[in-house]
Amino acid sequence: MLVLLTITAALAGTQTVRGHQAALLIIDVQDCFLPRGSLAVSDGDQVIPVINKLREDFKDAFSLVVLSQDWHCPDHVSFASQHPGFNPYSVVNLTYNADGALCHGASVPSNFPYAVDCSNQPGSKLRVVQQTLWPDHCIRNVTSGGTSAEFSPLLTMKDSDVVVRKGYLCGVDSYSAFFDNGGFRQTELNGILKEHNIDLVVVTGLALDYCVYYTSKDAHALGYKVLTVTDAARGVAPGSTEAALEDMKNIGIELITAADLEGAL
Ligand code: VGL
Ligand code: ZN
C-alpha cells in the first residue's frame with residue numbers, strides 16, 4: 001500500500017507525451033536563419049514564441065531538450081563563395097572517397113582547401129552527393145552580423161539543454177542533426193537520445209524543408225516516433241517545403257500543430 005502511494009505521488013507531477021519518453025528537438029534557431037540573417041528564412045522568427053510556449057507547457061513532459069547548431073568553417077564547401085562561377089542556390093555534384101574525404105572535381109578546383117585527389121580511386125568507391133550552394137551562413141564562433149551562428153536571444157534556453165553542432169566538417173554539409181549529407185559520420189545526437197531512453201522526438205525549428213526535414217527523416221529511420229510541429233517550423237522555399245511535408249507524411253512522420261500537442265496532455 002505504502003509502495004503504491006509513493007509511486008502515485010512520484011508520478012503525480014509528471015507528464016508524458018502520449019505515454020512516451022519524449023525529447024524536444026529545436027533545429028537551428030540561429031541568427032543566420034532569422035530576419036537580417038544571411039540565409040534568412042521568411043518569418044523564421046515566428047517559430048520562437050511557439051517553441052518557447054511548447055517547452056514551457058510541456059516542461060515536465062520533455063525529459064530532454066536538444067538544440068542543434070549549424071556550425072560551419074568560414075570556407076565551408078556548402079558556400080557558393082567557395083565555388084568560382086557558381087551562384088547561391090545552384091546545385092553541384094560533390095564527390096567523396098570511401099573515407100568521406102571531398103574529391104577535386106568540376107566545382108571543386110585543385111586549389112580547394114581540404115579536398116583530395118581521387119583520380120586513382122576506383123569509381124565504385126566514390127560517392128556523389130548533390131549539394132545546394134548557399135550564401136555564407138552560420139560561421140563557427142561568429143557572434144554578430146548576418147553570418148552569426150548564435151542562437152536567437154529570444155529563444156528560451158536552460159542549463160540542462162544539450163547543444164549538438166553539425167556541419168562543422170569543412171568538406172561536407174549536414175542538414176540532419178544526426179548524420180552528414182554523405183552519411184559518413186554521425187553526431188552525438190543518437191547516443192544522447194539513447195542515454196535518456198528517448199523513444200519519441202518532437203521536431204521544431206528551421207528550416208522545415210532542409211534541416212527539420214532531414215532530422216525528422218533520420219529520427220524516423222532510427223526508430224523514433226516522430227512528431228514534426230509544422231507551426232513551430234518554417235521553410236526556405238514554398239516548393240521544397242510542400243515536397244518535404246508530403247514526403248514526411250508518406251513515410252509515417254506525424255505532422256501536427258502545437259495545439260494538437262497541447263491536446264495530447
Ligand atoms: C540549413 C541550409 C543550409 C537548415 C542549414 O538549417 O535548414 N539549410 N544549412
Ligand atoms: Zn548550413
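The structure we're discussing is the one just above.
What counts as what
Residues numbered from 1 in each chain as written. Chains lettered and ligands numbered in written order. Predicted model: local features only at pLDDT ≥ 70, side-chain atom pairs only at ≥ 80, totals over all residues. Heavy atoms only, no water. Helix = DSSP H or I, 4+ residues; strand = E, 2+ residues; numbered from the N terminus. Rg over C-alpha atoms; globule rule 2.2 N^0.38 Å. Buried < 20%, exposed > 50% of the residue type's maximum accessible area, 1.4 Å probe, protein only. Contact = heavy atoms within 4.5 Å. Areas by Shrake-Rupley, 256 points an atom, 1.4 Å probe, with all protein chains shown as cover. Lys, Arg positive; Asp, Glu negative; His and termini not counted. Charge placed at Lys NZ, Arg CZ, Asp CG, Glu CD. Core = buried A, V, L, I, M, F, W, Y, C linked by side-chain atoms within 4.5 Å. Donors = N, O, S within 2.8 Å, 3.2 Å for Na, K, Ca; no water. Tetrahedral: all angles 85-135°; square planar, octahedral: opposite > 155°, others 65-115°. Phe/Tyr/Trp six-rings, centres within 6.5 Å; stacked < 30°, edge-to-face > 60°. Lys NZ or Arg CZ within 6 Å of the ring centre and 35° of its normal. Disulfide = S-S within 2.5 Å. Salt bridge = Lys/Arg side-chain N within 4 Å of Asp/Glu carboxyl O. Polar contact = N/O pair within 3.5 Å; in protein donor to acceptor, adjacent residues only side chain to side chain. Near = heavy atom within 4 Å.

We now examine the overall build of the chain. A tally of helices and strands in the chain yields 6 helices and 8 strands. Helices and strands appear in the chain in the N-to-C order α-β-α-β-β-β-β-α-β-α-β-α-β-α. What you see for the chain is a C-alpha radius of gyration of 20 Å, in line with the 18 Å of a compact globule of 265 residues. For the C-alpha atoms alone, the extent of the chain along its principal axes is close to 75 × 40 × 35 Å. With 265 residues in all, the chain has 46% of them scored as buried. At a minimum sequence separation of 6, the contacts of the chain that also span at least 24 residues come to 77%. Of the roughly 12,100 Å² of accessible surface on the chain, a fraction of 53% belongs to carbon and sulfur atoms. Of note, the chain has its 17 positive side-chain charges centred 3 Å away from the centre of its 29 negative side-chain charges.

Here the focus is the nonpolar core. Membership of the largest hydrophobic core comes to 64 residues, with the highest contact counts inside it found for Val 17, Phe 62, Leu 193, Val 201 and Leu 261. Per element, the largest residue contribution to this core is 6 residues, and it comes from strand β1 (residues 22-27). What Leu 261 contacts, discounting residues up to four positions off in sequence, is Val 17, Leu 54, Phe 58, Phe 62, Val 202, Leu 227 and Ile 256. By size, the runner-up hydrophobic cluster in this structure holds 12 residues, among which are Leu 94, Val 108, Phe 112 and Val 129.

Once that is clear, we can look at the coordination of the zinc ion (ligand 2). Asp 70 (OD), His 72 (NE2) and His 137 (NE2) make up the full set of protein donors to the zinc ion (ligand 2), lying at 2.1 to 2.2 Å. Coordination at the zinc ion (ligand 2) is irregular: its 4 donor atoms span angles of 88 to 168 degrees at the metal. All donors of the zinc ion (ligand 2) belong to a single chain; written as a sequence motif, their spacing is D-x1-H-x64-H. Placement of Asp 70 in strand β2 (residues 62-70) and of His 137 in the loop between β4 (127-132) and β5 (162-166) is noted, with a sequence separation of 67 residues between them.

All buried positions along helix α4 (residues 211-221) are accounted for by Cys 211, Val 212, Tyr 213, Thr 215, Ser 216 and Ala 219. Looking at the buried side of α4, the elements it contacts are β1, β5, β6 (200-206), β7 (225-234) and α5 (238-251). Just downstream of α4, Gly 223 is the residue with a positive phi angle, here 100 degrees.

A few words now on the packing of aromatic side chains. By the definition in use, this model includes 10 aromatic pairs. Each ring, one from Tyr 175 and one from Tyr 210, has its centre 5.2 Å from the other, and the planes form 65 degrees; the classification is edge-to-face. Remark: Tyr 210 occurs in the loop between β6 and α4 and Tyr 175 occurs in the loop between β5 and α3 (189-195); sequence separation between them is 35 residues. Both residues of the pair, Tyr 175 and Tyr 210, count as buried. Through a chain of ring-to-ring contacts, the aromatic side chains of Tyr 89, Trp 134, Tyr 175, Tyr 210, Tyr 213 and Tyr 214 assemble into a single cluster. When the ring centre of Trp 71 is taken as origin, the NZ or CZ atom of Arg 165, which lies over that ring, is 3.6 Å away.

Bringing the state of the cysteines into the picture now. Within the structure shown, the criterion is met by 3 disulfides. Two residues, Cys 32 and Cys 138, share a disulfide whose sulfurs are 1.9 Å apart. One disulfide, between Cys 32 and Cys 138, carries an S-S torsion of 90 degrees and so falls in the right-handed class. Here Cys 32, found in the loop between β1 and α2 (47-57), pairs with Cys 138, found in the loop between β4 and β5; they are 106 residues apart in sequence, far enough to count as distant. The same class applies to Cys 32 as to Cys 138, namely buried. Each sulfur of the disulfide joining Cys 73 and Cys 170 lies 2.2 Å from the other.

The next subject is the side chain of Asp 180. Within the secondary structure layout, Asp 180 lies in the loop between β5 and α3. For the buried residue Asp 180, which engages in no salt bridge, the nearest side chain bearing the opposite charge is Arg 185, 4.1 Å off. A polar atom in the side chain of Asp 180 sits 2.8 Å from the backbone nitrogen of Gly 182. Those residues in contact with Asp 180 that sit more than four places away from it in its chain are Val 172, Asp 173, Ser 174 and Arg 185.

Turning to the side chain of Thr 241, a few remarks are in order. Here Thr 241 shows up in helix α5. Apart from the residues within four sequence positions on either side, Thr 241 is in contact with Leu 208, Asp 209, Gly 235 and Val 236.

This part covers the site of ligand 1. Every residue lining ligand 1 is accounted for by Asp 28, Phe 33, Asp 70, Trp 134, His 137, Tyr 175, Leu 206, Ala 207, Tyr 210 and Cys 211. Here a nitrogen atom of ligand 1 and a side-chain polar atom of His 137 are 3.1 Å apart. Leu 206 places a polar main-chain atom, nitrogen or oxygen, 3.5 Å from an oxygen atom of ligand 1. Computed on the free molecule, ligand 1 has an accessible area of 250 Å², of which 100% lies beneath the protein chains in the complex.

Fair warning: the whole summary comes from geometry, so function is off the table for now.
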